Amino acid sequence: MKNQKLLALALVLTMAAGIFGGCGSGGGSGTSGEESVPSSQEGKNSGEEERYHYVIVQHLNGTVDEDAPMVEYWEEQFDVDFTIEGVEQSKIHELMSLRFASGDIPDVITNLGYATFYDLVNQKIAGTWTEEFMREHAPDIAAYLDELGPDAWAAAKHENGELFTTPGINPSYMYGNAIIWRDSWLEAVGEEIPRTLADAERVFYKFANDDPDGNGVKDTYALSQDGMNQVYGAYGVPLNVWIKGDDGKLVYSSVAPAMKEALTTLARYYADGVLDPEFITGQNKGDYAHLDHAFCQGRIGFTNKATHGHWFSTDYLKSPGAQAKVNLELFLQNYPDETFSYGYPLEGPDGDKYSGVTSYAFWSCYSKAMTDDAGKFGKFLEIFQKTGGFTDTKDYLTTLMGMEGTHWDYDENGVPQSREDVDPVAIGAGNCFTFGNNHHVEEVTKPLVAKFRNELYSDTDRYAMWPNYILAPLPSSADYQAECQKLIDEGFISIITGEKPLDYFDEIVEQWYAIGGQTLTDEANA
Amino acid sequence: MVLRQKKDRRTHIRKSPGSRAFDICNYLMLTLFCLTILLPFWYLLVLSFDKFGNVTAQDFFLWPREFTLDNYKAVVENPYIWQGYGNTILRTVAGTFLSLICTAMAAYALSKDSFPNRKFWSFFVVFTMFFSGGLIPTYLWIRDLGLLDNRLVLILPGLVGAYNLVLIRNFFKQMPPELEESARIDGAGDFRAFVSIVLPVSKPILATVALWLAVGHWNAWFDCLVYIRDTRKYVLQIILQRIVIEGTIQNISTTEQMTQEFNARPEMVKAACIYFTTLPILCAYPFLQKYFVKGIYVGSLKG
């Protein structure tokens, strides 16, 4: 009997560890979330002077120790404590939801995107603050937002009229996708870079019919999937964005009346062999997502895929220290002696043109516990302003790369380069102390790229950015968006390829409104 | 006998054209089927030995266009891979060993009819096969135990699996009681009988379960992703996933590119990486596969 009891005890002990792992302790979960001490209060108990402690979660490819040199540097600068935690970007939403659900909320929440930040405010996980507070504690960030314009301020505000995130501009996306023409083809067909759709159409037909690559085989096309964006744009209906209709109300571009004209043109291009029949599968055929295989491997002569950062030109290569990257690299592998040129957004019959939609980048939002603590949050905004290079762009070099002379040096071309044995993340640099975008810092971090960009887009005709009217997903988009989009995607392909007549477009529009588009449109105009 | 052989041969020869055609079709289809499984593996292997360059979904080649070991060199030089290997091996060895001991001990107790409330405890165990507490409660519980960011979290929560426990228990139950009685006559207690008599004769089932556990530990990554924050404690599979999806569209966030260069890894290095990290388990599989099937027979569920 004694043995049996011992046996039973042994069993219970053994199983306790294992079984509950699968089974969990549901009962305790309700309270443990509330018990957890919000990190904002930790600092308050220590000493007379408040020394704040900030928990920051970033997407990092490594681990940052509490005593990493740059963490200690910033701690000393601001007399605060930091804990920097990394999170795996590919599963960031799942992992962060888990943390929020368990009450484990960091002070600085990053990389979840505008819509999630907005939701977090609704759920009272993230907090808001007033414009005055921002102007008082981070006047330089406020000045940056003033520079971006009232749209930026509006984008940063929640429905309660207070700020909840900080918009910034990513210089890579400032001017939309680059418009690229292959020089040797233009030369072969005796044309200049066209500026209007009418002129471009003449060139398109020559690209398809006049054998611009001179191999005697009719194997060239003018454009493919991404090039089509210029056709849509020229008709004033950039694909799948909300635009202002004639009556001033928002309408989804893909069901706007002008779309029918764009589709008419594209269907004609397809029938005449101008549009690459492989447009359906896209111009990228695997590998890095921004590579344009269709263009760089000589199938098409005009493209509108990816931003200028992926299309450094052969001219750029002439500046010392510049390297061929992404598309230029692939293009030169195939055509070592050739070049491509930057074009202009094609102007349509009514003068419309398009290169992209203004997109702000939203890096971070902040726990309600922190924004409710004016002292702590005010201090944070000061830190943000400094590390983000809003006061002096040079500060951002310290944030991104560490200390000059210890972690990085300028090379002979004036470009800052990390020392070989330095891992920026491990020392507490990299993204650790970046909380928002500021396109001006590119001038110090990547001076060659910034110079290239500034020179290219000093010609203001090279871009035509459209406003972004709908920043957060509409309330019903989860219910209807996918189905509505599928209708458009499939319908447009069948119209362009001639499988369905052009009048099928009217049917698509009718159906689109019927299956949820009407609700979305009403919400967009609300 | 001779006659029968003759007859056999005759039937073989006299196969109708129809059935022969059927056989040919059969072999053809099965060969094709095998190829659909083998070709991706082969292509990946070829890619991993191919010289750096761009590759598109349309490219396909059965032999490296230009042979190189550079891809593997790039992988071997990546410190994260070695760190991941270390962590994975540690959890596999320690996890399998501890799991096996605990599961076998629990199974031994549950296999005894004299064990008090045996039915209840058996039900208690089997219950967890059908219901789990869900991710969030488990996370809270792990956090409250202070196991976050602790390597033990990769081993302890799954220490005793119900299915394995039932398998081993059934195996113990089939053992003739006389075996143990002989030991008890010699004065052995429960523990001694378990270690000296029961365990040695249970090697087949223990080997099978150990194998399952080891494979499970080798492939596991989700628990590590959720509970471990220090990247130095990441297991190999997370490192692998990170390398493979780098530069694909889902992974490109608009904010991020301000600070990062456009530096996607070539497909060849990804391929080499996949081979390098899956090779150990890939090699072991064909030799161990028979145990997977056998294990289910030896411990098959009975009451």
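Bear in mind the structure is a predicted one, so any value in this text is a computation, not a measurement. Throughout, a residue's number is its position along its own chain's written sequence, starting from 1. Lettering of chains starts at A and numbering of ligands starts at 1, both following the order in which they are written. Given that the model is predicted, a residue must reach a pLDDT of at least 70 before its local features are reported, and side-chain atom pairs must reach 80 or more before they are shown or counted; all residues, however, enter totals for whole chains, interfaces and linings.

Caption draft 1: Structural context of the overall build of chain A. The helix count covers DSSP runs of H or I at least four residues long, the strand count covers runs of E at least two residues long, and both are numbered beginning at the N terminus. Looking only at helices and strands, one finds 22 helices and 15 strands in chain A. With respect to the three principal axes, the spread of C-alpha positions in chain A is 90 × 60 × 60 Å. Buried means a residue has 20 or more other C-beta atoms within 10 Å of its own C-beta, exposed means 12 or fewer, and partly exposed covers the counts in between; C-beta atoms are placed from the backbone. Here chain A holds 526 residues, and 45% of them are scored as buried. Of the contacts made within chain A by residues no fewer than 6 positions apart, 72% connect residues no fewer than 24 positions apart. A pair of residues counts as a contact when their C-beta atoms, built from backbone coordinates, are within 7 Å of each other.

Caption draft 2: How the structure looks around the packing of helix H21 (residues 477–496) of chain A against helix H22 (residues 504–525) of chain A. Residue and element names in this part refer to chain A. For the pair H21 and H22, interaxial distance at closest approach is 9 Å and the crossing angle is 170 degrees. What the angle tells us is that H21 and H22 run roughly antiparallel. Where H21 abuts H22, its residues Ser477, Asp479, Tyr480, Glu483, Cys484, Leu487, Ile488, Gly491 and Ile495 lie against Tyr504, Phe505, Ile508, Gln511, Trp512, Ile515, Gly516, Gly517, Thr519 and Leu520. A per-class count over the contact of H21 with H22 returns 11 nonpolar, six polar and two charged. Every angle, taken between N-to-C directions, lies between 0 and 180 degrees, and every axis is a line fitted to C-alpha atoms, over only the stretch in contact when it is a helix. Under this scheme an angle from 65 to 115 degrees is roughly perpendicular, one under 35 degrees roughly parallel, and one over 145 degrees roughly antiparallel; angles in between are oblique. Residue type decides the class: Asp, Glu, Lys and Arg count as charged, Ala, Val, Leu, Ile, Met, Phe, Trp, Tyr, Cys and Pro as nonpolar, and the leftover types, Gly among them, as polar.

Caption draft 3: Representation of the domain arrangement of chain A within the structure. Residues and elements named next belong to chain A. Start and end points for every domain follow an automatic or database-based domain assignment. The domain boundaries assigned to chain A delineate domain 1 (45–173 + 361–450), domain 2 (180–354) and domain 3 (473–526). A C-alpha centroid distance of 37 Å is found between domain 1 and domain 2. Domain 1 puts seven residues into the contact, and the matching count from domain 2 is six residues. Looking at side-chain class alone, the side of domain 1 that touches domain 2 contains four nonpolar, two polar and one charged residues.

Caption draft 4: Inspection of the sheet that holds strand E1 (residues 53–58) of chain A at higher detail. Residue and element names in this part refer to chain A. If you trace the four strands from one edge of the open sheet to the other, you get E2-E1-E3-E12, paired in mixed fashion. Pairing within the sheet leaves two strands with one partner each, and these edge strands are strand E2 (81–86) and strand E12 (364–366). Here the strands of the sheet are splayed against their neighbours by 20 degrees on average, with no regard to which way each runs. Two strands pair when backbone bridges link them, and strand E3 (residues 108–110) and E12 are joined in this way by three bridges, in the antiparallel orientation. Bridge pairing in E12 places Val108 opposite Tyr366. Following DSSP output, two strands are said to pair if at least two bridges run between them.

Caption draft 5: View of the nonpolar core. All names here are of chain A. Core analysis: the largest hydrophobic core is formed by 64 residues, its most contacted members being Phe204, Ala222, Leu223, Val231, Ala262, Leu263 and Leu266. If one sorts the elements of this core by residue count, helix H12 (residues 258–271) sits on top with seven residues. Composition of this core by domain shows at least three residues from each of domain 2 (180–354) and domain 3 (473–526). In this structure, Leu223 is in contact with Phe204, Met228, Leu275, Asp276, Ile300 and Phe302, ignoring residues within four places of it in sequence. By our criterion, buried Ala, Val, Leu, Ile, Met, Phe, Trp, Tyr and Cys residues that link up through C-beta atoms within 7 Å make up a nonpolar core. Counting residues in each nonpolar core, the second largest holds 62 residues, with Ile84, Val87, Ala361 and Phe435 among its members.

Caption draft 6: Structural detail: unusual backbone geometry. Residue and element names in this part refer to chain A. Even without being a glycine, Asn111 presents a positive backbone phi close to 60 degrees. Along the chain, Asn111 turns up in the loop between E3 and helix H5 (114–122). Residue Lys124 is not a glycine yet carries a positive backbone phi of 65 degrees. Turning to its location among the elements, Lys124 is positioned in the loop between H5 and helix H6 (131–137). We classify Lys124 as exposed; it has 8 C-beta atoms within 10 Å.

Caption draft 7: Geometry of the confidence of the model for chain B. The quantity known as pLDDT measures the predictor's confidence residue by residue, on a range of 0 to 100. Averaged over all residues, the pLDDT of chain B equals 82, while 83% of them reach at least 70. Counting interchain partners and residues more than four positions distant, the pLDDT-below-50 stretch residues 249–263 of chain B has 32 contacts.

Caption draft 8: View of the pairing of E2(A). All names here are of chain A. Residues Phe82, Ile84 and Gly86 line the buried face of E2, whereas the alternating positions Asp81, Thr83 and Glu85 sit on a face that is not buried. Of the strand pairs in this sheet, E1 and E2 are connected by six bridges, and their pairing is parallel. When the sheet's bridge partners are listed, His53 is paired in E2 with Asp81. Handedness rule for crossovers: strands pointing away from the viewer, path from the first strand over the helix to the second running clockwise, crossover right-handed. Read from E1 through helix H3 (residues 69–78) to E2, the crossover connection turns out right-handed.

Caption draft 9: Region of the structure containing helix H10 (residues 197–209) of chain A. Residue and element names in this part refer to chain A. Every helix has an expected span of 1.5 Å times one less than the residues it contains. When the terminal C-alpha atoms of H10 are compared, their 18 Å separation across 13 residues agrees well with the 18 Å that a helix rising 1.5 Å per residue should span. Elements that come into contact with the buried residues of H10 comprise helix H9 (183–188), helix H11 (228–234) and H12. Taken from the residues just after H10, Asp211 is the one with a positive phi, measuring 50 degrees.

Caption draft 10: Here's a closer look at the environment of Arg65(B). Residue position: Arg65(B) is located in the loop between helix H2 (17–48) and helix H3 (70–76). Placed 114 residues apart in sequence, Arg65(B) and Leu179(B) show a C-alpha to C-alpha distance of 64 Å.

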